[in-house]
Amino acid sequence: IVTLLQLLSSNDDDTSAPNNAETEEQKKPNAPRHQLDPTGSYIFVVNVHLEGHPLKWVTRWKQIKSTLDRIKFRCTELALDLTKVPVIICGDFNEGVKR
């Protein structure tokens, strides 16, 4: 699961109601569903459950690469600078049993 979150500072006015009014541009069939605040700070939070067998490191590598490619695609799609959006990857990496 790849989720993009907007970071809010303590100075943000959280008492105002969100603007849910759709613009004419947003009503078009191929228009993006969400518009990002160009002044906002964002972070990707990724939750993964990788293939479990310790000898399947190639499979796990491909799964992580696929996840990173998805993040790159979302940055391009949303016009975000890939080098400026932090990423947190968490979950079950199934690295194997250490004795």
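Description of the structure in this document. (Residues numbered from 1 in each chain as written. Predicted model: local features only at pLDDT ≥ 70, side-chain atom pairs only at ≥ 80, totals over all residues. Heavy atoms only, no water.)

### Details of helix 1 (residues 57-77)
Then comes step 1: For helix 1, spanning 21 residues, the distance from its first C-alpha to its last is 30 Å, which sits close to the expected 30 Å at 1.5 Å a residue.
Then comes step 2: Positive phi shows up at Ala79, right after helix 1, with a value of about 60 degrees. (Helix = DSSP H or I, 4+ residues; strand = E, 2+ residues; numbered from the N terminus. Expected span 1.5 Å × (residues − 1).)

### Regarding the nonpolar core
Proteins that are soluble and globular tend to have nonpolar side chains buried together.
Then comes step 1: With 10 residues, the main nonpolar core is built from Tyr42, Phe44, Val46, Val48, Leu50, Ile64, Ile71, Cys75, Leu80 and Val85.
Then comes step 2: Those elements that place two or more of their residues in this core are strand 2 (41-49) and helix 1.
Then comes step 3: Among the elements that line this core, the one with the most residues is strand 2, at four residues.
Then comes step 4: In this structure Cys75 touches Phe44, Leu80, Leu82 and Val85, once residues within four positions along its chain are discounted. (Core = buried A, V, L, I, M, F, W, Y, C linked by side-chain atoms within 4.5 Å. Buried < 20%, exposed > 50% of the residue type's maximum accessible area, 1.4 Å probe, protein only. Contact = heavy atoms within 4.5 Å.)

### Considerations on the environment of Ile64
Then comes step 1: The residue Ile64 is located in helix 1 in this model.
Then comes step 2: Counting along the chain gives 15 residues from Ile64 to His49, while the straight-line C-alpha distance between them is 10.0 Å.
Then comes step 3: Beyond its immediate stretch of four places on either side in the chain, Ile64 contacts Leu50, Ile89 and Phe93.

Read these as layout, nothing more, since geometry by itself doesn't imply function.
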